[in-house]
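Understanding the architecture of this molecule
Single-letter residue listing:
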Amino acid sequence: MALRDRQAGRRGDRAREREWERSPARIFRPRLPAGRWLILEGLVRLAPSDKDLSVMGVTGEDLVEIRAGMKPGDPSVITVNCPDKTGLGCDICRIILEFGLRITRGDVSTDGRWCYVVLWVVPRSSSTKIRWTSLKNRLLSECPTCPIPFYHDLVDPTTSQMYLLKLFSADRKGLLHDVTQVLSDLDLLIHRVKVSTTPDGRVIDLFFITDGLELLHTRKRQDDTCERLHTVLGESCISCEIQLATNFQQGFSSIPPAVAEELFRPELSDSEICLQTLRPDLAKLKKPSVTIDNSLSPSHTLLQIHCADQRGLLYDILRTLKDCNLQIAYGRFMSDQKGYREVDLFILQCDGKKILDPEKQSALCSRLRQEMLHPLRVMIVNRGPDSELLVANPVELSGKGRPLVFFDVTRALKDLGICIFSAEIGRHTASERQWEVYRFLLDDSLEFPLANARARSQVVGRVRRTLMGW
């Protein structure tokens, strides 16, 4: 009987969703009443109390639901209905970004103990294959099992076992990206890589990886990974080996002080916004509009953002709010056909109060503008007689970096026909902030002679456009 009632309730929820799709009406409720009804653009859910979970028999399957679009091209809908925790929205957006999805619309509502999130997502390209089961499992892993106070230690205590993948192969254009593609498809996350080329034209790749499925300790998982690499690389693959990475440390060769100062500058000038990477119709939005309003809600501060859409935009916004220890009570994200994004967020400080201090308001707006305009730093510098491509992105206070950066950079270089002589990933601390830095030593090509400033600018522009999804 309980199962029948639950199924009927779900059908009712879906009917209300379909009714909302046909109606322009919107309910915008930043404040939740004592009964903790979560009201989301016409969708109503009652957040269970601490004692209700066991009575209701809530399982992991109920916490995350993914519904495919009705027809090709329609967005899929991801619903997360679970206890809240610090930065949950940021963690969800990071996972969705990692799985190659783009958020077209979203709603979130929370009272600080229970959270209800609805996101409409589409693959970022027609060739992207979405591993829906793995995605659901990853989202479930981020859901707390019981309601907890919103503010707690930001450090994630759980760490996955690190493994070392040793790959020996003949060199060719696009090799590194093809290997990265295989690892991504297998849900293997790259934490560090060392690539070196021998004088006889062979490549030794060392990948330090973790397994999203937590199965890499098994012989079958290791054999399947090596077999997939052999299949994709063909005769160029000479040997493949996976072993436990003991005493793993995130070592990194030093960056020259002058280069580090240029790469990690807190404030970048308008001339570095690189308008040539934006479509002409978006150039006028080179500076996103970020405003704060305390007049519309007696208990929350309204943060409004209007800007050009780009890959990972929502993640960058929520990452910034998470690092600033700000709580989102209600949020709505919309995008239009012209490539603009509207974001409305009702937020609170860690003490549960509005942001009334003008200096704090100005600092928050300024930081958000910088994080949206420059979520990644890209430049080419001289490294001895060679040219080195540097790509850097800020690391969350929780220690987590931005997903798919290595994948996108190697794809851009493959499309340009530029060979990578060596590559490495590491962490660097500058201005009291930690950065994840990707370093690529590049081979010269006839089309892009890297000693030429114009060629360097073209390579930097192409890499940045690929990373930002422009």
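You'll find the protein entered in an unreviewed UniProt entry as [Protein-PII] uridylyltransferase protein, with Dioscorea alata given as the organism.

Next up on the list: the overall build of the protein. Each helix and strand in the protein was counted, giving twelve helices and 18 strands. Across the 470 residues of the protein, 53% fall into the buried class. Considering only contacts in the protein between residues 6 or more positions apart, those separated by 24 or more positions represent 71%. Accessible surface, the protein as shown: approximately 22,200 Å² in total, 53% of it carbon and sulfur.

Right, let's get into the nonpolar core. In terms of nonpolar packing, the biggest core is built from 49 residues, with Phe207, Leu389, Val391, Phe406 and Val463 touching the most fellow members. In contact with Phe207, not counting residues within four places along its chain, are Tyr163, Leu164, Leu165, Leu176, Val179, Leu183, Ile190, Arg192, Val193 and Phe406. In terms of nonpolar packing, the next biggest core, distinct from the first, is built from 47 residues, Cys90, Leu97, Val121 and Leu321 among them.

Between helix H9 (residues 313–323) and helix H10 (residues 358–373), the shortest axis-to-axis distance is 10 Å and the interhelical angle comes to 145 degrees. Note on packing geometry: the crossing formed by H9 with H10 is right-handed. Here H9 contributes Leu313, Asp316, Ile317, Arg319, Thr320, Leu321 and Asp323 to the contact with H10, which in turn contributes Leu364, Arg367, Leu368, Glu371 and Met372. Split by residue class, the contact of H9 with H10 holds six nonpolar, one polar and five charged.

On to the environment of Glu261. Within the element layout of this structure, Glu261 appears in helix H8 (residues 257–263). Classification of Glu261 by relative accessible area gives exposed; the value is 59%. The spatial distance from the C-alpha of Glu261 to the C-alpha of Ser431 is 9.6 Å, given a sequence separation of 170 residues.

In space, the eight strands of this open sheet follow the order E3-E4-E6-E5-E13-E14-E12-E11, with antiparallel pairing throughout. Either end of the sheet is taken by a strand with one partner, and the two such strands are strand E3 (64–67) and strand E11 (289–293). Each strand axis lies, on average, 15 degrees off the axis of its neighbour in the sheet, ignoring direction. The strands touched by H9 within the sheet are strand E5 (101–110), strand E12 (301–308), strand E13 (327–335) and strand E14 (340–348), with E14 carrying the most contacts at an inclination of about 20 degrees. Sitting on the sheet, H10 is in contact with E11, E12 and E14, with an inclination near 155 degrees to E11.

On to empty space enclosed by the protein, then. Counted according to the given criterion, the structure contains five cavities of 30 Å³ or more. In terms of lining residues, the largest cavity is bounded by 21 residues, among which Leu88, Gly89, Cys90, Leu318 and Ile328 are the most central. Of all the elements in the fold, those that place two or more residues in the lining of the largest cavity are helix H4 (88–98), E5, strand E6 (114–123), H9 and E13. Sort the elements by how many residues they give to the lining of the largest cavity and H4 lands first, with five residues. Split into classes, the residues belonging to the lining of the largest cavity amount to 14 nonpolar, four polar and three charged. Size it by volume and the second largest cavity reaches roughly 130 Å³. Along its surface, the second largest cavity is lined by 16 residues, and Arg172, Gly174, Leu175, Leu176 and Ile420 are the ones closest to its centre.

It is worth spelling out the state of the cysteines at this point. All told, the structure shown has zero disulfides when counted by the stated rule. The thiol of Cys90 is unpaired, and the distance to the nearest cysteine sulfur, on Cys93, comes to 7.2 Å. Of the residues examined, Cys90 reaches a relative accessible area of 2% and is grouped as buried.

Note that Ser387 resides in strand E16 (residues 386–394). According to the relative accessible area criterion, Ser387 is buried, its value standing at 9%. For Ser387, the side chain forms a polar contact with the side chain of Arg456, separated by 3.3 Å. Non-local contacts of Ser387, meaning those with residues more than four positions away in its chain, are made with Ile380, Val381, Phe440, Leu441, Leu442, Leu450 and Arg456.

The subject of this paragraph is the packing of aromatic side chains. Under the counting rule described, the total for this entry stands at three aromatic pairs. Measuring from ring centre to ring centre gives 5.3 Å for Phe264 and Trp435, while their planes differ by 45 degrees; the resulting arrangement is tilted. Highlighted residues: Phe264 in the loop between H8 and E11 and Trp435 in strand E18 (residues 433–442), separated in sequence by 171 residues. Each of the two residues, Phe264 as well as Trp435, counts as buried. With 6.4 Å between their ring centres and 35 degrees between their planes, Phe406 and Tyr438 make a pair best called tilted. Here Tyr438 lies in strand E18 and Phe406 lies in helix H11 (residues 405–416), a separation of 32 residues in the sequence. Of the residues examined, Phe406 reaches a relative accessible area of 5% and is grouped as buried. A connected cluster of aromatic rings, assembled from ring pairs, spans Phe406, Tyr438 and Phe440. When the ring centre of Trp120 is taken as reference, the NZ or CZ atom of Arg105 above it lies at 3.8 Å. Arg433 extends its terminal NZ or CZ atom over the ring of Trp435, reaching a point 5.4 Å from the ring centre.

Calculation criteria
- Residues numbered from 1 in each chain as written.
- Predicted model: local features only at pLDDT ≥ 70, side-chain atom pairs only at ≥ 80, totals over all residues.
- Heavy atoms only, no water.
- Helix = DSSP H or I, 4+ residues; strand = E, 2+ residues; numbered from the N terminus.
- Buried < 20%, exposed > 50% of the residue type's maximum accessible area, 1.4 Å probe, protein only.
- Contact = heavy atoms within 4.5 Å.
- Areas by Shrake-Rupley, 256 points an atom, 1.4 Å probe, with all protein chains shown as cover.
- Core = buried A, V, L, I, M, F, W, Y, C linked by side-chain atoms within 4.5 Å.
- Axes fitted to C-alpha atoms, helices over the stretch in contact; angles between N-to-C directions.
- Left-handed = near helix turned anticlockwise from the far one by under 90°.
- Nonpolar A, V, L, I, M, F, W, Y, C, P; charged D, E, K, R; others polar.
- Pairing = 2+ DSSP bridges.
- 1 Å grid on protein atoms, 1.4 Å probe; cavity = no way out; pocket = protein on both sides within 12 Å on 5 of 7 lines; lining within 4 Å.
- Points joined across faces, edges and corners; volume = space filled by probe spheres on them.
- Disulfide = S-S within 2.5 Å.
- Polar contact = N/O pair within 3.5 Å; in protein donor to acceptor, adjacent residues only side chain to side chain.
- Phe/Tyr/Trp six-rings, centres within 6.5 Å; stacked < 30°, edge-to-face > 60°.
- Lys NZ or Arg CZ within 6 Å of the ring centre and 35° of its normal.

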